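# Inside the fold
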Amino acid sequence: YPYTQLDWEDDFRQMQQNGVDAVALNIGSDSWQLNQLHLAYSAAQSLPTNNNSFRLFLSFDFTAMPCSIDYVVNLVNQFAQHPSQFKVRGRPMVSSYSGDCLGNKGWADVKRRTNGYLMPFIWGLEDKFQEWDSLDSWYCWGCAWPQGNSDKTTNDDDYYFSQLGSRYATTVSVWLYTHYGYKNFLQRSDDWLINSRWEQLIAMRDQLTFVEMVTWNDYGESDYFGPIKGSQPDGTTWANGFPHTAWFEMSKYYITAFKTGQYPPITEDVIYFWARPHPAAAIAVADRLGKPSGHDWTSDYLWAVVFATSTSTITLQSGVSSQTFNNVPAGVTKLKIPLASGKVAVTMFRNAQKVIDHREDNFEFGATPFLYNYNAYVGSAIASHTTASLPSSPSSAIPTSPISITIAETAKWVSTGCLKDSRDRILRGSFTAQAGMTSDRCIDICNSQNYTIAATEYGSQCYCGSQLYKTGDAGTIADTASCNMSCGGDSSQICGGSWHASVFVSNPDLKLLRQRVRRGQRLDSHSWNS
């Protein structure tokens, strides 16, 4: 375990620069760990504090330590008064992975003897949280990923809100894959999981106690945000050469939005991209462990997220697979293309000028792997010269006087009125946020991406899709007064509201769209002409 204080300082400096407030130090009972704790706390104390204080707290891994109240109390009290200790209302944060063995009385004893703010992750407490009144908060480790072959929703968060109320904390992550003899599985992380999860958390920011980014350096389960350094568990063959730091760089945008309630301006043109190194159905020539469970839950795509200061043309390429996306708007846009054997390249053009021209020489998608690897290679391409743009933050301002909504026709698109939305989103094709949003702008965005439904929300957000998803009453027609936010780019237009969308659909399909919404059915563009 070769980490020095300088290693800790380097890690913490990167976290601090991206807006992270505190780090959970996951510990067990190995003898070397106490020295590393002292190095970590000293490293945090050495960081500059002029822009952002940076703190640490202990998270006890009860799967790797004895179930001892005294051990927990003694270690917490050893660091409780350290200048780098993270505190909540003057009380040292105490967390855990597992810990049901202490019971509610044991945790109450920890609180009494440390004055700690308790925020553990303990599984199996569903429908029993009222019996655990010692806990100040509880965070959901597994809520960062979907629990099956589907996209991540907020159904689990909604359940825990109903159980915990204001005591609920949750997580965001990037990936989850492990390939050991004792655990061999892939958790679904497709469809821009990290971006979608951040968007969900920002929407519920006022209800959460804390959000944890899982994790900085768990290379064994591929859910690392940080650089690859230090020791890895024996038998880890999938982390080296597969950087994830671009995900952490991209997260700065969302961290700022979560902490402030407003998406920051896009001031730099960047294309973030990621992919697995071989097809999901590939057969490895020398892997004795076999495919991980969940390998058939992932799709063979190159995923990309464009941060653009103004409208541009984007080309994504993977081997012979290539697609150009015209009129990609200012703001944040999610794109994808099928993977094919060969190198990955991304380009951005604007006003006949090449802004980004990047070929990723350190990664290649191949059809026949030697060993299975379902980890992701993550890269980014940054423009050499970019200029500031208007903020892309969602507006939360409600007009002071009522604004009526009119049915407007734009070319072949027609407004269908105001529909209810939810955290799961009624449209899931693409998402763009920009301060200058209008109905026409959103329609142009969706039309250029070959979608057939467009929706504006919060005055600045544009959602696109070709099918409308219904979750609960989301996707049903709402009172027009619920869509009450002026468009950021034209105050005479309405761009949805809070959890309500101003929806437009291609004109030929309007009648069937209205019929199906009233019946509460899911819309599927492939059957509109039937």
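Everything that follows concerns the structure shown earlier in this document.
Let us look at the structure shown here. (Residues numbered from 1 in each chain as written. Predicted model: local features only at pLDDT ≥ 70, side-chain atom pairs only at ≥ 80, totals over all residues. Heavy atoms only, no water.)

## Details of the state of the cysteines
A full pass over the atoms with the stated rule returns six disulfides. Residue pairing for Cys140: its cysteine sulfur links by disulfide to Cys143, the two sulfurs lying 2.1 Å apart. The disulfide joining Cys140 to Cys143 has a torsion of about 75° about its S-S bond and is therefore right-handed. Each member of the pair, Cys140 as well as Cys143, is classed as buried. Covalently, Cys418 is tied to Cys483 through a disulfide, its sulfur atoms 2.1 Å apart. Classification of the bridge connecting Cys418 and Cys483 rests on its S-S torsion, roughly 85°, and on that basis the disulfide is right-handed. (Disulfide = S-S within 2.5 Å. Buried < 20%, exposed > 50% of the residue type's maximum accessible area, 1.4 Å probe, protein only.)

## With respect to the side chain of Thr170
With respect to the helices and strands, the residue Thr170 is situated in strand E7 (residues 168-173). The exposure class assigned to Thr170 is buried, which follows from its relative accessible area of 0%. If we ignore the near neighbours within four places in the chain, the residues touching Thr170 are Tyr139, Cys140, Cys143, Asp157, Arg197, Leu201, Leu208, Phe210, Val211 and Glu212. (Helix = DSSP H or I, 4+ residues; strand = E, 2+ residues; numbered from the N terminus. Contact = heavy atoms within 4.5 Å.)

## Some remarks on a nonpolar patch on the surface
A surface patch of nonpolar side chains, amounting to about 310 Å² of accessible area, comprises Val285, Phe370 and Leu371. Along the chain, Leu371 falls in the loop between strand E17 (353-365) and strand E18 (377-382). On the basis of relative accessible area, Leu371 is assigned to the partly exposed category, the value being 34%. (Patch = residues over 30% accessible without salt bridge, like charges linked within 9 Å, V, L, I, M, F, W, Y side chains within 5 Å. Areas by Shrake-Rupley, 256 points an atom, 1.4 Å probe, with all protein chains shown as cover. Salt bridge = Lys/Arg side-chain N within 4 Å of Asp/Glu carboxyl O.)

## Describing the pairing of strand E16 (residues 342-350)
Where burial is concerned, most of E16 is hidden: seven out of the nine residues are buried. Of the strand pairs in this sheet, strand E13 (residues 312-318) and E16 are connected by six bridges, and their pairing is antiparallel. Counterpart to Gln317 in the pairing with E16 is Ala345. (Pairing = 2+ DSSP bridges.)

## Here we look at the packing of helix H1 (residues 5-17) against helix H2 (residues 33-45)
Orientation of H1 relative to H2, taken along the N-to-C sense of each, is 50°, at an axis distance of 8 Å. Overall, the two elements H1 and H2 adopt an arrangement that is oblique. Crossing geometry of H1 relative to H2 is assigned as right-handed. Taking contact as the criterion, the partners of Gln5, Trp8, Glu9 and Phe12 in H1 are, on H2, Gln36, Leu39, Ala40, Ser42, Ala43 and Ala44. Its residues assigned to classes, the contact of H1 with H2 comprises six nonpolar, three polar and one charged. (Axes fitted to C-alpha atoms, helices over the stretch in contact; angles between N-to-C directions. Parallel < 35°, antiparallel > 145°, perpendicular 65-115°, else oblique. Left-handed = near helix turned anticlockwise from the far one by under 90°. Nonpolar A, V, L, I, M, F, W, Y, C, P; charged D, E, K, R; others polar.)

## Quick look at the pattern of salt bridges
One pass over the structure, following the stated rule, counts 23 salt bridges. A salt bridge links Lys229 to Asp11; its shortest N-O distance comes to 3.0 Å. Of the two residues, Lys229 is situated in the loop between strand E10 (211-214) and helix H7 (245-260) and Asp11 in helix H1; the sequence distance between them amounts to 218 residues. An identical accessibility class is assigned to Lys229 and Asp11; each is buried. The partner of Asp300 in a salt bridge is Arg276, and the shortest N-O contact between them spans 2.5 Å. One end of the pair, Asp300, is in the loop between strand E11 (270-275) and strand E12 (301-308); the other, Arg276, is in the loop between E11 and E12, and 24 residues separate them in sequence. The exposure class assigned to Arg276 is buried, which follows from its relative accessible area of 3%.

## Some details on the sheet that holds E16
The four strands lie next to each other as E14-E13-E16-E17, forming an open sheet whose pairing is antiparallel. Edge positions in the sheet fall to strand E14 (321-328) and E17, since each has one partner strand and no second. Within this sheet the neighbouring strands show an average axis-to-axis angle of 10°, counted without direction.

## Brief notes about the sheet that holds strand E6 (residues 138-139)
Across a sheet, strands are paired by hydrogen bonds formed along the backbone, either parallel or antiparallel in direction. If you trace the three strands from one edge of the open sheet to the other, you get E6-E7-E10, paired in parallel fashion. Strand pairing shows two members of the sheet lacking a second neighbour, E6 and E10, which therefore form its edges. As paired elements, E7 and E10 share four bridges and run parallel to each other. In the sheet register, Thr171 faces E10, and the bridge partner there is Glu212. On the sheet, helix H6 (residues 193-203) packs against E7 and E10 and is oriented at approximately 155° with respect to E7.

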